[in-house]
Amino acid sequence: MQKLAAGLNDVGFEVDGVAIDSARAALNPTTWTRVRSADLLVRVGFRPGARTWRGRAFDVALALFGSRATKACYWIGTDVLHLTEDFVEGAPVAAWRTPALGIDHHLAGSEPLQLELARNGVASSLVGFPWRTVQAPDRLPPLPEQFTVLTYIPDSRADFYGGASVLAVARQLPHVRFEVMGGEGTWANNPPPNLHFLGWVDDPGNAYSRATCVLRLVRHDSIGGTAVEGLLFGRTVLYSQHLEHTIHVSPDPDSVMQALAPLVEASEAGQLELNGDGAQWARITFDPVKRFEHLAEHLTQLADQRPGLRISYLTLQATTEGQAAHAHVHEIVRGLADGGTSVRVLKPRYAGQTPSVAARLAQFGQIQGRAVTGLRRSDAFYIRSHFAALPAALGARLMRTPVVQEVNGPHDDALVAWPALQKVRSLVLKADRVQMRLADAVITVTPQLVKWLKLDAGVDEGHLVSNGADVDLFSPHAERPQGLPERYVVFFGALAPWQGIEIALKATSSPHWPMDVALVVVGDGQMRESVERRSDGQSVIYLGRRPYADIPGIVAGSIASLMPMAESAQDSGQKSTRDHTVSGLAPLKMFESMACGVPVIASDLPGMAETIRRADCGLLVEAGSVTALAEAVRTIAGDPALAATMGANGRNSAVMEHSWRSRAEDTADVLRSVVARRRRRG
């Protein structure tokens, strides 16, 4: 804090640095005399909503006694990690303590932090943190005769800084000297004699001069000072984050050993050179004077800037990573934040669990209560449509906060998820329709739902914002997992009857199915036992539920992606009257498959059919037809040129038209329009 304040004062930006290192300091009258006199209040590495006593004390005091100064938060590292942990856990925090609603402007100290903040719904400006690093040498010091690895591990955070991995590697390389700054090694159990602890080093320049390479293994980081300083001294840097002119390693012993071994070998052969290009790049990129000047310039502008839109986003559907709903919620939130809209997400905390009805309803009430109390700080209220969200929708109406409803299906979707609701079906329909009619705007995912909204709820103008794909994650270049057959088609997602998994399984036994093509199934659900019974490890391979990050490689390695959906859920044995020919379909996995550059073989149903025909990215088959599906697989398998063309068409269409970024921009347009309309009305 003091170094940051001194650097800003040196470039002519007057700063009063106040250290809040305890709850007592947070409540000190002198502190609040200084805070109240400020025109701009910047919290550095000290996030709103922190679950510490000093965090709670400062937030409360700021709400009660704080000035009307413009409030900003400068995110620099671990503060973002804690925000992410709260976001994943759904930790309940009052609206005025949430970063999305309680802060006017956010600054990210590095690009990785900016991306992570966006995933948590926080829109930020990238303003590189101006480290006060060691003085860069006029001449790069020569490499030492003995290969020496320098790292930083404070005793209190050895797990966070890869202590176990460093200890393991040091034991495997007894002829290599390891030096550790930042602690005495109290965490190390029986350290080998080549592992030396330097304690706290006030001037680490000599340590960098003695090092051959610098190792930074950290569970979470902005851009580590150790890595930058290593580059400034012309050292090879092994880093657990991606940074130019460094070697990326995973924070595990095997990865570090794989990177270190050739360096040691080159050093012993006299062939290891200084990292001159890295040193020059670091001098230019991390020039502290220029960074302080940039920060001062940005802070000067904040007082006159109007904050971006601040949105409360309510979803009563508990989501788990890998589910389509989870991807939709989090990708839209990230895209909105990327575009400058901060989002406070309110969601159930029982994802992955099966709570009792009473526990579920209790959470619904708590979540909506927190949502409504935060609406005074929100420019708009975004509700992922749910019949039980009626109280929150009514609360927003009373508080004159514009509401945008997102509809992903007709009323019967709720009856499929909650069969017991059949007894109160009329009430469910009424709750849905009232919310639609009260909304300032309604977003739907298919053209058919736009028409349905008008007929069912009298919504004259629905906004079409379909599903999409993360076109960076889902890519033709995604790494294919080992152990898969040479040629296969893939079925991934929920194993629900209406998804057509039974049709796909039967198709593998059809005489029209190509003998050298396997069916790989990924997912979980109602039909799991049927899939397990049919899985023989050859013609049908069931991989079960897989981490979301594994899916792109599995899809990209296939020759086609199957989506043989049924015409209606009822046709596949579910207690629902949902007719897909009326509501249309726009499944995420269609766009994700397109993004992976593989042909899509899908039922000829509204929504999907228009997308596939327009992009010319696959084959359409009669819904429910085993023979038609098998013949389509044979066509793709027998014509690699056709498959390649369709795959390329799909990839191009996904990138140009169906990325989550474009979907978020469309959503932001709707939000801006309803906010502007409400402001005009006063």
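Look up a bit, the structure's there.
Residues numbered from 1 in each chain as written. Predicted model: local features only at pLDDT ≥ 70, side-chain atom pairs only at ≥ 80, totals over all residues. Heavy atoms only, no water.

**Student:** I would appreciate a short explanation of the overall build of the protein chain in the present structure.
**Tutor:** Tallying secondary structure elements over the protein chain gives 28 helices and 22 strands in all. Compactness check: the protein chain gives a C-alpha radius of gyration of 28 Å against a globular reference of 26 Å for 682 residues, within 12% of the reference. With respect to the three principal axes, the spread of C-alpha positions in the protein chain is 75 × 65 × 40 Å. Within the protein chain, the fraction of its 682 residues that count as buried is 56%. In the protein chain, 70% of the contacts between residues at least 6 apart in sequence involve partners at least 24 apart. Put simply, the protein chain shows about 30,400 Å² of open surface, and 50% of that area lies on carbon and sulfur atoms. Across the protein chain, 68 positive and 71 negative side-chain charges occur, with their mean positions spaced 9 Å apart. (Helix = DSSP H or I, 4+ residues; strand = E, 2+ residues; numbered from the N terminus. Rg over C-alpha atoms; globule rule 2.2 N^0.38 Å. Buried < 20%, exposed > 50% of the residue type's maximum accessible area, 1.4 Å probe, protein only. Contact = heavy atoms within 4.5 Å. Areas by Shrake-Rupley, 256 points an atom, 1.4 Å probe, with all protein chains shown as cover. Lys, Arg positive; Asp, Glu negative; His and termini not counted. Charge placed at Lys NZ, Arg CZ, Asp CG, Glu CD.)

**Student:** What is the right way to look at unusual backbone geometry in this model?
**Tutor:** Where the residue is not glycine, phi is negative for most of them; where a peptide bond is considered, it is trans in most cases. Despite not being glycine, Asn190 shows a phi value in the positive range, around 50°. At Arg400, a position not held by glycine, the phi torsion is positive, near 60°. Structurally, Arg400 is set in the loop between helix H16 (390-398) and strand E14 (403-407).

**Student:** When you look at empty space enclosed by the protein in this model, what are you seeing that I'm missing?
**Tutor:** Which parts of space are left empty comes out when a probe the size of a water molecule is rolled across the atoms. Under the definition given, this model contains 2 cavities of 30 Å³ or more. Roughly 30 Å³ of internal volume is contained in the second largest cavity. Lining of the second largest cavity is provided by Ala393, Arg397, Val403, Gln435, Leu438 and Ala439. (1 Å grid on protein atoms, 1.4 Å probe; cavity = no way out; pocket = protein on both sides within 12 Å on 5 of 7 lines; lining within 4 Å. Points joined across faces, edges and corners; volume = space filled by probe spheres on them.)

**Student:** Explain helix H5 (residues 78-89) to me, please; I cannot follow it from the model alone.
**Tutor:** Think of an α-helix as 3.6 residues a turn; residues three or four steps apart then line up on the same face. Compared with an ideal rise of 1.5 Å per residue, which puts 12 residues at 16 Å, H5 spans 17 Å between its outermost C-alpha atoms and is within 8% of the ideal. Residues Asp79, Val80, Leu81, Leu83, Thr84, Asp86 and Phe87 constitute the buried set of H5. On its buried side, H5 packs onto strand E2 (70-75), helix H6 (99-102), helix H7 (111-119), helix H14 (324-338) and strand E12 (342-346). Trailing H5 by a residue or two, Gly90 shows a phi angle of about 70°, which is positive. (Expected span 1.5 Å × (residues − 1).)

**Student:** Just checking my understanding: could you explain helix H25 (residues 608-615) for this structure?
**Tutor:** Among the residues of H25, those classed as buried are Met608, Ala609, Thr611, Ile612 and Ala615. What you see down the axis of H25 is that its buried residues fit within an arc of 165°, all on one side. In H25, the exposed positions angled more than 90 degrees off the buried face are occupied by Arg613 and Arg614. Once H25 finishes, Asp616 follows within two positions and takes phi at roughly 50°, a positive value. (Arc of directions from axis to C-beta.)

**Student:** In this structure, what is going on with the sheet that holds strand E4 (residues 125-126)? I would like to understand it.
**Tutor:** Hydrogen bonding along the main chain pairs the strands of a sheet, whether they run parallel or antiparallel. Pairing in this open sheet of 4 strands is parallel, and the strands run E1-E2-E3-E4 from one edge to the other. Where the open sheet ends on each side, the last strands, each with one partner, are strand E1 (40-44) and E4. Of the pairings in the sheet, the one linking strand E3 (residues 105-108) to E4 comprises 2 bridges and is parallel in character. For Ala108, the partnering residue across the bridge sits in E4 and is Leu126. (Pairing = 2+ DSSP bridges.)

**Student:** Looking at this model, I keep getting lost on the pairing of strand E5 (residues 148-152). Mind explaining?
**Tutor:** Regular strands show a simple pattern: their side chains alternate between the two faces of the sheet. E5 sits mainly inside the fold: 4 of its 5 residues count as buried. Taking the sense of rotation as the criterion, the β-α-β connection linking E5, helix H8 (residues 163-172) and strand E6 (residues 177-181) turns out right-handed. Sheet topology places E5 next to strand E8 (residues 213-216); 3 bridges connect them, and they run parallel. By the bridge assignment for E8, Val149 is matched with Cys213. (Right-handed = clockwise from strand over helix to strand, strands pointing away.)

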